[in-house]
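So you can see what is in the structure, the chains are spelled out below.
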Amino acid sequence: MIALDSHAKINLFLEILGKRPDGFHELVTVMQQISLADSLTAERTEQGVSVKTDDPTLPRDTDNLAGRAAALVLDELGAPGGVRISIVKRIPIGAGLGGGSSNAAAAMRAVNELYGGALSLDRLAALAAGIGSDVPFFLYGGAALCTGRGEIIEQTAAGPAWRATLYCPELFVSTAKVYGNLTYDHRPRDGQAFWQAYCAGDFEGLIFNRLEAAACELHPDLCRLRDAGLLMSGSGSTFFAFSPVELSGITTHSVQSIQP
Ligand code: C5P
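Quick look at the structure, then. (Residues numbered from 1 in each chain as written. Predicted model: local features only at pLDDT ≥ 70, side-chain atom pairs only at ≥ 80, totals over all residues. Heavy atoms only, no water.)

## Points about the sheet that holds strand 9 (residues 231–232)
Rule in force here: For two strands to be treated as a pair, DSSP must find no fewer than two bridges joining them. Each helix corresponds to a stretch of at least 4 residues labelled H or I by DSSP, and each strand to a stretch of at least 2 residues labelled E; elements are numbered beginning at the N terminus.
The strand order across the open sheet built from 4 strands is 9-10-7-11, with neighbouring strands paired in antiparallel fashion. Since the sheet does not close on itself, it has two edges, and those belong to strand 9 and strand 11 (252–258), each with one partner. With 7 bridges joining them, strand 7 (residues 163–169) and strand 11 adopt antiparallel strand pairing. Across the sheet, A164 pairs through a bridge with S257, a residue of strand 11.

Listed below in structure tokens is the structure:
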């Protein structure tokens, strides 16, 4: 049996560079793994992939991203058995914190370890890119400058130490809908410059997310969080701040999180 923490992330910088022929968007983002985490356990079985979580609204087995990821690694390894995965959810869903992608990455690491660890991190990352744009990031963790669809890890670092409060409204945001609501009349901001500022620990005034306006337009309730000076992660609905903020007109579940 293997037990792993499956950490969430926040995006401290996210700029869109354009739409690609495959329908995805070319972007540059800085992601940081945070202390908020689900717990995943995995054990070897005779055959097949079983995934269950403590959230009845989530898909099971290979309908769950973690199950698809586990099946891919079993197949790649030519493993002589299967896996049973169990996930305790703490990361809110549809919240821009990468919970599903993180679970998929943890499942890949767990299966690889259960069956001898033959796949390198880089091989796992190549497989992970086929599961979802953010999945490779979660294999590396820490902080990373990512490009392409988000799946190309350009640089990694531990990241500076900070403490933030996450404000999670009871709102599921569809990533695809937010991307579909983007407009492109902007001059792109410089992700490399943000990365350097982030690694130097002098970044708070530079945090930026191009998806924020598109998400707020689709879900006007999110404007209350933006207008209170909070910053959005991913495609929403979670916003964050480095000092606690008083909010009115919207109910959120707040979580303290540190950059681990
Ligand atoms: O890769 P992932 O499954 O996380 O993407 C979810 C959806 O978000 C995609 O189907 C696509 O509509 C959108 N997306 C995008 N460009 C990206 C990442 C995601 O358009 N770089």
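There is more to say after this.
## So, unusual backbone geometry
Test applied: Between buried and exposed lies partly exposed: a residue is buried under 20% and exposed over 50% of the maximum accessible area for its type, with that area taken using a 1.4 Å probe on protein chains only.
The omega angle of the peptide bond from G236 to S237 is 20°, so this bond is cis rather than trans. Among the structural elements, S237 can be located in the loop between strand 9 and strand 10 (239–241). Phi is positive for D61, which is not a glycine, with a value near 50°. Along the chain, the position of D61 falls in the loop between strand 3 (49–53) and helix 1 (65–77). When its relative accessible area of 32% is taken as the criterion, D61 is described as partly exposed.

## Things to note about the pairing of strand 7
Counting buried positions along strand 7 gives 6 out of 7 residues, so the element sits mostly inside the fold. Where strand 7 meets strand 10, 3 bridges bridge the pair, whose relative direction is antiparallel. Counterpart to L166 in the pairing with strand 10 is F240.

## Topic: the pairing of strand 2 (residues 25–45)
Within strand 2, 15 of the 21 residues are buried, which leaves the element mostly enclosed by the surrounding structure. Turn length for the strand 1 (residues 2–19)-strand 2 hairpin, with the two strands adjacent in sequence and antiparallel, is 5 residues, and the turn residue G23 shows positive phi of about 95°. Of the strand pairs in this sheet, strand 2 and strand 5 (residues 143–147) are connected by 4 bridges, and their pairing is antiparallel. Across the sheet, residue V30 finds its bridge partner in strand 5, namely L145. As paired strands, strand 2 and strand 4 (residues 82–88) are joined by 7 bridges and run antiparallel to one another. Among the inter-strand pairings, R44 is bridged to a residue of strand 4, identified as V83.

In short, shape yes, function no, at least from these values alone.
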